[in-house]
Amino acid sequence: GTVRGVDVGLGARLASGDRPRAIRVAGWGLLEHEWPESLGVPVSFEPPPLPAGIVTLEAPPEVAVGELLVVTGRVELGGKDSGLVVLENPAAPCDSAVVTPARPRFRLSDRPRAPGAISYRLRLAAPGLPPAAETLGVAVRDWRPPSVLVLNASPSFETTFLKHWLSDRGGTVEVRTDISRGRTRRERWNDPTGTGSLPGSFARFDVVLADPASLALLSRTDRTALDRAVRQDGVGLLMQGTGAGEPTEGFGFDRVADLEERRVRPVWGDQPQPSRVAIAAYPAVLRPDPAVHALMGDGSGGVLAGWRSAGRGRIGVTLVRAPSRWQLEGETAMFAGYWSELLETLA
């Protein structure tokens, strides 16, 4: 038989022992807690046609200031040929996408620039359709960069861009650069009470950024202290660049060209699309390893950056050589996204 008013009548009929041979649910069905625990009969579901409009919508409930907010969903066009989905923040439209019956899904994004609660509006416009809109609330939390210690075997152009970007956002940064044998230049931002010796400094930071040459110059005492800070205190270690020869800190590399460097357009998790500017990278990719988590790709199936667990901490490596070019070419969002992805993953 057909059971109607199923949310009330089904439980009573089953409790009385009057069991139907089959159940056909019409309309929108039931919530999970409204179904009896055990039915023991076949159930079929006949949903009605979806009305025209935005029928699914997914977005994170919370993002950080400057983080990419990605909104995805699907529309029902009600027989129309195409439509336009527009994402609006309180100030203005920020993204849009064309949808068709063959491509009903959309992906829109925005980067909130201030903390607080933001109410977004999502509109679907199509000729001959009544206006359709949905609202979306997102909590935007203030973002403070992790504290970073940079170890350089020699002065670095890339470090200059990174330290200004971090310190301008309120991040604690310390840069230690080897000038000559036994001589080290030390610079600090937003950290007036920093300690002097390296063994006592590592655990104060969220991430230590180093190149292989600077790690090789560490004394045995300093290297032991760094390993302890990673494994016991949960400090992240990021190695920026390698010769891509022998395995380094548990990472293996495969060369992809007989060059000193190559040009790549890195891609990672929440990017809507690769950058328009190709930047310098080592001519290698990370060798596949079950213990290594891929973090960034080269757009051709190779992995440019990854990380692995080390006790309570994480160790990462990146083969990108010159992210500063994004800043120089005006792609500041790519520069910020690159460093945010690496540092937040390892911190």
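Above this text you will find the structure in question.
Residues numbered from 1 in each chain as written. Predicted model: local features only at pLDDT ≥ 70, side-chain atom pairs only at ≥ 80, totals over all residues. Heavy atoms only, no water.

Trainee: Explain the overall build of the protein to me, please; I cannot follow it from the model alone.
Mentor: The secondary structure content of the protein amounts to six helices and 23 strands. Residue pairs in contact within the protein that sit at least 24 positions apart in sequence constitute 57% of those at least 6 positions apart. (Helix = DSSP H or I, 4+ residues; strand = E, 2+ residues; numbered from the N terminus. Contact = heavy atoms within 4.5 Å.)

Trainee: Please explain the pattern of salt bridges as it appears in this structure.
Mentor: Pairing is possible between side chains of opposite charge, provided their charged atoms come close. Under the criterion given, the structure shown has twelve salt bridges. Among the salt bridges present, the one from Arg-141 reaches Glu-62, with a minimum N-O distance of 3.1 Å. Of this pair, Arg-141 sits in strand 10 (residues 132-141) while Glu-62 is found in strand 4 (residues 62-64), placing the two residues 79 residues apart along the sequence. Judged by its relative accessible area of 44%, Glu-62 is partly exposed. Here the residues in one salt-bridge network are Glu-88, Arg-121 and Arg-123, joined through shared partners. (Salt bridge = Lys/Arg side-chain N within 4 Å of Asp/Glu carboxyl O. Buried < 20%, exposed > 50% of the residue type's maximum accessible area, 1.4 Å probe, protein only.)

Trainee: Please explain the sheet that holds strand 7 (residues 93-99) as it appears in this structure.
Mentor: Two strands in a sheet stick together by hydrogen bonds in their backbones, pointing the same way (parallel) or opposite ways (antiparallel). Read across the sheet, five strands follow the order 4-10-9-6-7 without closing on themselves; strand pairing throughout is mixed. A single partner strand is all that each edge strand has here, and the edge strands are strand 4 and strand 7. Taken over all neighbouring pairs, the strand axes of this sheet differ in orientation by 25° on average, direction set aside. (Pairing = 2+ DSSP bridges. Axes fitted to C-alpha atoms, helices over the stretch in contact; angles between N-to-C directions.)

Trainee: Can you walk me through the sheet that holds strand 18 (residues 267-268) in this structure?
Mentor: Reading across from one edge, 13-12-11-14-15-23-22-21-18 is the order of the nine strands in this open sheet, with mixed pairing throughout. On the outer flanks of this sheet lie strand 13 (183-189) and strand 18, each paired with one strand and no other. Pairing analysis gives five bridges linking strand 11 (residues 148-152) to strand 12 (residues 173-180), with the strands arranged parallel. Note that in strand 12 the partner of Val-150 across the bridge is Val-175. Its contacts with the sheet place helix 4 (residues 220-233) against strand 14 (207-210), strand 15 (236-240), strand 22 (303-310) and strand 23 (313-318), and it is angled at close to 115° to strand 23.

Trainee: Which parts of the structure should I look at to understand the environment of Thr-160?
Mentor: By the secondary structure assignment, Thr-160 is in helix 2 (residues 157-168). In this structure the C-alpha to C-alpha distance between Thr-160 and Val-175, which are 15 residues apart in sequence, comes to 9.6 Å. Separated by 3.4 Å, the side chain of Thr-160 and the backbone oxygen of Ser-156 make a polar contact. (Polar contact = N/O pair within 3.5 Å; in protein donor to acceptor, adjacent residues only side chain to side chain.)

Trainee: Could you clarify how one ought to interpret the side chain of Glu-158 in this entry?
Mentor: Residue placement: Glu-158 occurs in helix 2. Buried and without a salt bridge, Glu-158 has Arg-321 as its closest oppositely charged side chain, separated by 8.6 Å. In this structure Glu-158 touches Gln-240, Arg-321, Ala-322, Pro-323 and Ser-324, once residues within four positions along its chain are discounted. (Lys, Arg positive; Asp, Glu negative; His and termini not counted.)

Trainee: Even after reading the chapter, I still don't get the environment of Leu-304, so can you show me in this structure?
Mentor: Here Leu-304 shows up in strand 22. Sequence separation of Leu-304 and Leu-286 is 18 residues, and the distance between their C-alpha atoms is 6.3 Å.

Trainee: Hey, could you run me through the packing of aromatic side chains in this one?
Mentor: Where two aromatic rings form a pair, the distance of their centres and the angle of their planes describe that pair. Taken as a whole and assessed by the stated rule, the structure comprises six aromatic pairs. Summarising the aromatic geometry, the rings of Phe-157 and Phe-161 are spaced 5.0 Å apart at their centres and angled 65° between planes, so their arrangement reads as edge-to-face. On the criterion of helical spacing, the pair formed by Phe-157 and Phe-161 is a turn pair, its members being four residues apart in helix 2. According to the relative accessible area criterion, Phe-157 is exposed, its value standing at 53%. Ring centres of Trp-165 and Phe-335 lie 6.0 Å apart, and the angle between their planes is 85°; on these two criteria the pair is classed as edge-to-face. Separated by 170 residues along the polypeptide, Trp-165 in helix 2 and Phe-335 in helix 6 (residues 332-346) bring together distant segments of the chain. In this pair, the class of Trp-165 matches that of Phe-335, namely buried. Chaining the aromatic ring pairs together yields one cluster made of Trp-268, Trp-326, Tyr-338 and Trp-339. Here Arg-314 stacks its cationic end above the ring of Trp-307, 3.8 Å away from the centre of that ring. One cation-aromatic arrangement involves Arg-321 over Tyr-282; the distance from NZ or CZ to the ring centre is 4.2 Å. (Phe/Tyr/Trp six-rings, centres within 6.5 Å; stacked < 30°, edge-to-face > 60°. Lys NZ or Arg CZ within 6 Å of the ring centre and 35° of its normal.)

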